[in-house]
Amino acid sequence: MDQVKNEIWVGNEKFVPFITEEEIQKRISELAEELTAEYKTKLPIFIGVLNGSFMFMSDLLKKIKFNCEMDFFKLSSYGDEKISSGKVKLVKDLNADITDRHLIIVEDIVDSGLSIKYIEDLIADHKPASMKVVTLLLKPDSLKYDVKIDYIGFKIPSKFVIGYGLDYAQKYRNLPMIYALSE
Ligand code: PRP
């Protein structure tokens with residue numbers, strides 16, 4: 001598959017370039033600097049939310065030069081549809097002991113906020129020292145839950161986006177940049 005395309009067709013739906021690889025990497029470097037200022041002496045645990053966050057987590061962590069640990073949740077909420085099912089399922093729990101630890105939840109996208117709300121509730125029982133959220137993308141107009149997102153890569157309109165970890169029916173996660181459905 002040619003990785004840099006000017007348009008991608010999924011059936012009769014056309015996706016066009018939205019955020020380039022260069023823009024993504026530049027913004028991740030800035031986020032890494034902000035996180036460094038806050039966490040460099042705190043030995044935080046970065047917690048990726050699979051599957052979508054795998055690419056962002058990897059690129060972000062490559063730019064983090066202080067000591068840290070990492071772990072993953074695997075949640076599923078969307079099935080194979082473009083619209084959320086409104087339900088979240090925990091598919092894989094954490095292995096790390098998070099009590100009294102500083103946690104940084106890493107998301108590819110916050111849409112309704114349901115996944116983050118679910119994670120907040122799940123984590124609160126374990127009494128971490130702190131919990132903050134970093135997301136590459138946030139759709140402010142789609143938020144339905146009262147969640148605090150601490151570090152945001154890009155605020156985007158409520159368009160359907162694919163690539164860079166984000167899927168359409170499990171495909172296109174491996175694209176190195178983000179494409180949006182053309183209206
Ligand atoms: C996507 C994305 C977030 C969540 C955001 O995950 O990775 O975790 O949806 O939407 P929300 O704010 O409305 O909860 P999805 O459940 O599609 O699974 P995936 O990460 O495997 O793609």
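This text follows the structure it describes.
(A) Seen up close, unusual backbone geometry. The step from Leu 50 to Asn 51 runs through a cis peptide bond, and the omega angle for that step is 5°. You can see Asn 51 is positioned in the loop between β3 (45-50) and α2 (54-62). The phi dihedral of Ala 169 is positive, around 50°, even though this residue is not glycine. Position of Ala 169 among the secondary structure elements: in the loop between β9 (161-162) and β10 (178-181). Here the phi dihedral of Tyr 172 falls at roughly 75°; this positive angle occurs in a residue that is not glycine. Assignment of secondary structure puts Tyr 172 in the loop between β9 and β10.

(B) Seen up close, the site of the ligand. Taken together, the neighbourhood of the ligand is formed by 17 residues, with Glu 107, Asp 108, Ser 112, Gly 113 and Ser 115 sitting nearest. Contacts to the ligand include Glu 107, whose side-chain N or O atom sits 2.7 Å from an oxygen atom. Asp 111 places a main-chain nitrogen or oxygen 2.8 Å from an oxygen atom of the ligand. Relative to its free-state accessible area of 490 Å², the ligand is covered by the protein chains to the extent of 94%.

(C) Fine view of the nonpolar core. Phe 46, Phe 56, Leu 60, Leu 136 and Leu 137 are the most contacted members of the largest nonpolar core, which has 29 residues in total. Of all the secondary-structure elements, those providing two or more residues to this core are α1 (21-39), α2, β6 (102-110), β7 (130-138), β8 (151-155) and β10. Within the second largest apolar cluster, 19 residues are counted, among which are Val 49, Val 110, Ile 119 and Ile 149.

(D) Up close: the environment of Ile 162. Its place among the elements puts Ile 162 in strand β9. Judged by its relative accessible area of 0%, Ile 162 falls in the buried class. For the pair Ile 162 and Phe 15, spaced 147 residues apart in sequence, the C-alpha separation works out to 8.2 Å. The residues contacting Ile 162, other than those within four sequence positions of it, are Phe 15, Asp 167, Tyr 168, Tyr 172, Leu 175, Met 177, Ile 178 and Tyr 179.

(E) Main features of the pattern of salt bridges. Under the counting rule described, the total for this entry stands at 13 salt bridges. For Lys 132, the salt bridge identified is with Glu 38, shortest N-O distance 3.9 Å. Taken together, the residues span a long stretch of sequence, with Lys 132 in strand β7 and Glu 38 in helix α1 at a distance of 94 residues. By relative accessible area, Lys 132 is classed as partly exposed at 24%. With its nearest N and O atoms 3.3 Å apart, the salt bridge here joins Arg 101 to Glu 69. Of the two residues, Arg 101 sits in the loop between β5 (89-92) and β6 while Glu 69 sits in strand β4 (residues 69-76), which places them 32 residues apart along the sequence. Sharing partners across several salt bridges, the network here consists of Lys 26, Arg 27 and Glu 30.

(F) Looking closely at the side chain of Asp 59. Mapped onto the secondary structure, Asp 59 falls in helix α2. A polar atom in the side chain of Asp 59 sits 2.6 Å from the side chain of Tyr 164. Ignoring any residue separated from it by four or fewer positions in sequence, one finds Asp 59 in contact with Gln 25, Ile 28 and Tyr 164.

Rules used throughout
- Here, residues in each chain are numbered from 1, in the same order as that chain's written sequence.
- Totals for whole chains, interfaces and linings use every residue, but because this is a predicted model, local features are given only for residues with pLDDT of at least 70 and side-chain atom pairs only at 80 or more, for both listing and counting.
- Excluding hydrogens and water, the side-chain figures rest on all heavy atoms present in the structure.
- Helix and strand assignments follow DSSP, with helices taken as H or I runs no shorter than four residues and strands as E runs no shorter than two, numbered in order from the N terminus.
- Throughout, the term near means that a residue has one or more heavy atoms lying within 4 Å of the molecule or strand in question.
- In the analysis that follows, any N or O atom pair within 3.5 Å is treated as a polar contact, provided that within protein one partner can donate a hydrogen and the other can accept it, and provided that, for residues neighboring in sequence, both atoms belong to side chains.
- Methods summary: accessible areas were calculated by the Shrake-Rupley approach with a probe of 1.4 Å, and residue burial reflects only the protein chains presented.
- Residues grouped as a nonpolar core are buried Ala, Val, Leu, Ile, Met, Phe, Trp, Tyr and Cys residues, joined through side-chain atoms within 4.5 Å.
- Accessible area is worked out with a 1.4 Å probe on protein chains only. A residue is then buried under 20% of its type maximum, exposed over 50%, and partly exposed in between.
- Residue contacts follow a heavy-atom distance rule, with two residues in contact if any of their heavy atoms lie within 4.5 Å.
- Definition used for salt bridges: Asp or Glu carboxyl oxygen within 4 Å of a side-chain nitrogen of Lys or Arg.

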